[in-house]
Amino acid sequence: MQIHDLPYPDPGLPDARSGPRFLLWLGRNQLGGQLKSLCWGLLHFLSVASLPYGVGFAVQAVVDGSGSRLALAGGLILLLGAALALGDTMLHRTAVTNWITAAARVQQLLARRTAALGAALTRRVAAGEVVAVSTGDVEKIGWFVEALSRFAAAALTVVVVCVGLVLYQPALGIVVAVGMPVLALAVLPLLPRATRRADQQREKAGRATELASDTVAGLRVLRGIGGEELFLDRYRRASQEVRTAAVRSARMWSLISAVQVLLPGLLLIAVVWYGIELARQGRITVGELVTVYSAVMILNYPLRHFEEIAMAYSFSRPSAQRAARVLSLERVTEPGGLRAAEAPAGDLYDPVTGLLAPAGRLTAVVCGDPDLAGRLADRLGGHPTDADPGTRSASASDSASASASDSASDSASDSASDSASASASASDSASASASASASASDSASASASASASGNGSGSGSDSDSDSGSGRNPDKAATPVTALPSVLLGGVPLDELPLDTARTAVLVQDKDPVLLSGTLAELLDVPSSGSVRPEEALAAAQCADVLDALSQASLDADPMNARITERGRSLSGGQRQRLALARSLVTDPEALVLDEPTSAVDSHTEARIAEGLRALRSGRTTVVLTSSPLLLDRADRVVLVHEGTVAAVGEHRELVLTEPRYRAVVTRETDEEAASAALSRNAGTSLRDEPGIGDAGIEELTEIEETA
């Protein structure tokens, strides 16, 4: 594989059982390039090692006064110089090719795995770790692959030279042959400690990278809660820990380098001293002494590659371990599915919670726990989940101890995964294969809602989803690993091919990500073609957003205006509305929206509710929200409490009859609930009074709700 042939048509199936196994698999797949590099390396190193023989031959010719042998020695040195130049050039070319192609293979593997996992990736691996693997770790892995062939050529050269010296001058050759293995193996006792220190440095550097990534992603939240200094102090401490670990690691490698200089020097002194004694005795000639001396000097060059391969392995092994960890993550279901690639239609039903979203209707879902709402949205979209929706799943953001840390970590996790709001566009997939860094997560997330977890069976119509009967609420507190799949039209989503499931059900998370590009490119997503971008923008109330983009652009057409990375130049409400328009353009069979108007003012929210209801008429839409404006315009409202459907009805009905619903929607405290109960009792008494009746009570209720 040459650089101009990249990317690989198929990067292969990696052995991700451990870091060393992954490196071994990568080396086997680079075997052709490794052999080329080995051959050119042998030519280069053997040419270097043969130069002392030419120099010694020339010296002896001068001593003997032989012009013909001197000319022959000169020709031999010229030939060796040409071979050295050719070998060095081609060795560098093939080694760099091995480095780049190995790094590209790893990046393609990471991009493919990220795209397959989708939004579930950052719930199982910290977003900062994904960034670290796809940037610095890829370079370390490529370094080891590139250094491997050069080390093999250097090792073979040392063996050949030692054998040649024994045959050329046995007396000195034996000394060199005995000393060279000692030089090569002398640093082995130091390598475990150096490797441990390098591992510690990489671990601390990875943590610092994760912290920096989380801090940058959650900067807006940190400013809002005044947590900037807290996170800056944490990063300063993490940075100092990385510096200390790097210094400790450098000390070990400097000691190894010193040994690599000291021991060859001692060997050279021993060879020269013994050689002079042999020359004085007449057992060897001056030319032979110069040849052996020069050979020992030259052998320091290939010996340096022993140190390099040790350093490359110590740095690449933890990097390969991190890459193998990401590559070993598997989907709960196979992307190929068990059914034909035909998108089903009908009711959307979740057997875990008992939630039923009738086909063609706007269903609003109220959850008291925002985390539960997010996991429920993922389940409805077919994303694999590792725990029951009633149980808080472990994630990287949950491990933070302070509230500021929690906020920033959640923001980082969301920013890496929440671009699931827009189906996998061709540009997103291309960016994933081009770079496995931050764009890898964007590309994977932009693939929209993906396959489901578990193997479910049964029909939504056969369960009493309205009442949620037959489910034990305590069961939600126990994590499970095999949950039944969400059903669309009675068909389990995890039995559908991945592309079909993503087309059928689309999820927009609560904090969707906008990819950089023009507005036209943002809205150029796979869709049914029934909804034009202009209609989607109008329904999402994006008129002011279009005006802002037009003012900031040289082009009068707002569709050609460029959106910065993640839409940072726009406000939170503007980004949210553009993301909603993108989801509406897609026009899926079932659309799941998680808090689509949380950053929008109430007047705009009311208009969005009307536009959403009108544009999605006849299509299945699920909105997870606690906004009364959206709830009041829904055809059906479902209250999910502790992982189970607790009540179903209309907004106005549930506000009056369901205390748990009223507490979530109105943020009602216990004291306010008691006061409301007294008011309702008073209302009952007033209804019995002459001249008031039901009409008067309804008027008073409307006044109270307005207040």
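Rules and cut-offs
- Residues numbered from 1 in each chain as written.
- Predicted model: local features only at pLDDT ≥ 70, side-chain atom pairs only at ≥ 80, totals over all residues.
- Heavy atoms only, no water.
- Helix = DSSP H or I, 4+ residues; strand = E, 2+ residues; numbered from the N terminus.
- Buried < 20%, exposed > 50% of the residue type's maximum accessible area, 1.4 Å probe, protein only.
- Salt bridge = Lys/Arg side-chain N within 4 Å of Asp/Glu carboxyl O.
- Expected span 1.5 Å × (residues − 1).
- Bend = angle between axes of the 7 residues up to and from the residue.
- Axes fitted to C-alpha atoms, helices over the stretch in contact; angles between N-to-C directions.
- Left-handed = near helix turned anticlockwise from the far one by under 90°.
- Contact = heavy atoms within 4.5 Å.
- Nonpolar A, V, L, I, M, F, W, Y, C, P; charged D, E, K, R; others polar.
- Pairing = 2+ DSSP bridges.
- Core = buried A, V, L, I, M, F, W, Y, C linked by side-chain atoms within 4.5 Å.
- pLDDT = per-residue confidence, 0-100.
- Phe/Tyr/Trp six-rings, centres within 6.5 Å; stacked < 30°, edge-to-face > 60°.
- Lys NZ or Arg CZ within 6 Å of the ring centre and 35° of its normal.
- Patch = residues over 30% accessible without salt bridge, like charges linked within 9 Å, V, L, I, M, F, W, Y side chains within 5 Å.
- Areas by Shrake-Rupley, 256 points an atom, 1.4 Å probe, with all protein chains shown as cover.
- Lys, Arg positive; Asp, Glu negative; His and termini not counted.
- Charge placed at Lys NZ, Arg CZ, Asp CG, Glu CD.
- Polar contact = N/O pair within 3.5 Å; in protein donor to acceptor, adjacent residues only side chain to side chain.

## Structural notes on the overall build of the chain
When its secondary structure is counted, the chain shows 25 helices and 12 strands. Burial statistics for the chain: of 707 residues in total, 50% are counted as buried.

## Section: the pattern of salt bridges
Counted by the stated rule, this structure contains 21 salt bridges. Notably, a salt bridge pairs Arg 112 with Asp 10, separated by 3.3 Å at the nearest N-O pair. Pair noted here: Arg 112 is in helix α3 (residues 67-117) and Asp 10 is in the segment before α1 (19-29), with a separation of 102 residues, a long-range link. Residue classification places Asp 10 among the exposed positions, given a relative accessible area of 52%. The partner of Asp 587 in a salt bridge is Arg 616, and the shortest N-O contact between them spans 3.3 Å. Of this pair, Asp 587 sits in the loop between α19 (572-586) and β9 (590-594) while Arg 616 sits in the loop between α20 (602-615) and β10 (620-624), and the two are 29 residues apart along the sequence. The same class applies to Asp 587 as to Arg 616, namely buried. Overlapping salt bridges, with partners in common, bring together Asp 587, Glu 589, Arg 616 and Arg 619 in one network.

## Considering helix α2 (residues 31-64)
Between its first and last C-alpha, α2 extends 49 Å over 34 residues, near the 50 Å set by a 1.5 Å rise per residue. Along its length, α2 reaches its greatest deviation from straightness, about 25 degrees, at Ala 49, and the proline Pro 52 lies no more than four positions downstream. Gly 65 sits one or two positions beyond α2 and adopts a positive phi of about 70 degrees.

## Here we look at the packing of α3 against helix α10 (residues 286-327)
Axis separation between α3 and α10 bottoms out at 9 Å; the angle between their running directions is 35 degrees. Judged by the sense of rotation from one axis to the other, the crossing of α3 with α10 is left-handed. Together, Leu 109, Leu 110 and Arg 113 of α3 and Ala 323, Val 326 and Leu 327 of α10 make up the contact between the two elements. Here the residues of the contact of α3 with α10 are counted per class, giving 5 nonpolar, no polar and 1 charged.

## Structural notes on the sheet that holds β9
Each strand in a sheet pairs with another by means of backbone hydrogen bonds, the pair being arranged parallel or else antiparallel. Strands sit in the order β6-β9-β10-β3-β11-β12 across an open sheet of 6 strands; the sheet is mixed. Strand pairing shows two members of the sheet lacking a second neighbour, β6 (505-508) and β12 (644-649), which therefore form its edges. Averaged over all neighbouring strand pairs, the angle between strand axes comes to 20 degrees, with direction disregarded. Most of the contacts of α19 go to β6, to which it runs at about 180 degrees, and overall it touches β6 and β9.

## Examining the nonpolar core
Leu 519, Leu 537, Leu 578, Val 637 and Tyr 661 are the most contacted members of the largest nonpolar core, which totals 45 residues. Considering each element in turn, this core owes the most residues, 6 residues, to α19. Among residues more than four places away in sequence, those in contact with Val 637 are Ala 364, Val 366, Leu 631, Ala 647, Val 648, Gly 649, Glu 650, His 651, Leu 654 and Tyr 661. Leu 121, Ile 141, Val 187 and Leu 327 belong to the second-largest nonpolar core, a separate cluster that totals 39 residues.

## Points about helix α6 (residues 170-185)
The terminal C-alpha atoms of α6 lie 23 Å apart, and with 16 residues this matches the ideal 22 Å at 1.5 Å per residue to within 8%. Among all positions in α6, only Leu 172, Gly 173, Val 176, Gly 179, Met 180, Leu 183 and Ala 184 are buried.

## Remarks on the sheet that holds strand β1 (residues 348-350)
Taken in spatial order, the 4 strands line up as β2-β1-β4-β5 in an open sheet, and their pairing is antiparallel. Edge positions in the sheet fall to β2 (355-357) and β5 (491-492), since each of these pairs with one other strand and no more. Of the pairings in the sheet, the one linking strand β4 (residues 487-488) to β5 comprises 2 bridges and is antiparallel in character. Residue pairing for β5: Leu 488 is matched across the bridge by Val 491.

## Focus: the environment of Val 290
Position of Val 290 among the secondary structure elements: in helix α10. Filtering out sequence-adjacent residues up to four positions away, Val 290 remains in contact with Val 55, Gly 56 and Val 59.

## Looking at the confidence of the model for the chain
Chain-level pLDDT for the chain is 78 on average; 76% of the residues reach the 70-or-more range. Confidence drops under a pLDDT of 50 for residues 387-480, and excluding neighbours within four residues, the segment shows 239 contacts in the predicted structure.

## Brief notes about the packing of aromatic side chains
One pass over the full model with this rule turns up 7 aromatic pairs. Between Tyr 53 and Tyr 168, the ring centres sit 5.8 Å apart and the planes meet at 80 degrees, which makes this aromatic pair edge-to-face. Of the two residues, Tyr 53 is situated in helix α2 and Tyr 168 in helix α5 (residues 127-168); the sequence distance between them amounts to 115 residues. Residue classification places Tyr 168 among the partly exposed residues on the basis of a relative accessible area of 29%. On the basis of an interplanar angle of 80 degrees and a centroid distance of 5.1 Å, the ring pair of Phe 151 and Phe 306 is categorised as edge-to-face. Of the two residues, Phe 151 sits in helix α5 while Phe 306 sits in helix α10, which places them 155 residues apart along the sequence. Using a relative accessible area of 18% as the deciding quantity, one classes Phe 306 as buried. Cation over ring: Arg 105 sits above Tyr 8, and NZ or CZ is 4.0 Å from the ring centre.

## Let's talk about a positive patch on the surface
Judged by side-chain charge, Arg 193, Arg 196, Arg 248 and Arg 251 come together as a positively charged surface patch. Contributions of two or more residues to the positive patch are made by α7 (191-217) and α9 (228-280). Topologically, Arg 251 is positioned in helix α9.

## Section: unusual backbone geometry
The omega angle of the peptide bond from Leu 6 to Pro 7 is 0 degrees, so this bond is cis rather than trans. Positive phi, normally seen in glycine, also occurs at Gln 541, with a value near 55 degrees. Within the secondary structure, Gln 541 sits in the loop between α17 (533-539) and α18 (543-552). Look at Gln 541 and you get partly exposed, because its relative accessible area is 22%. Of note in this structure, Glu 595 is not a glycine but carries a positive phi near 50 degrees. Here Glu 595 shows up in the loop between β9 and α20.

## Some thoughts on the side chain of His 651
For His 651, the position within the fold is in helix α22 (residues 651-657). For His 651, a relative accessible area of 12% puts it in the buried group. At 2.8 Å, the side chain of His 651 forms a polar contact with the side chain of Tyr 661.

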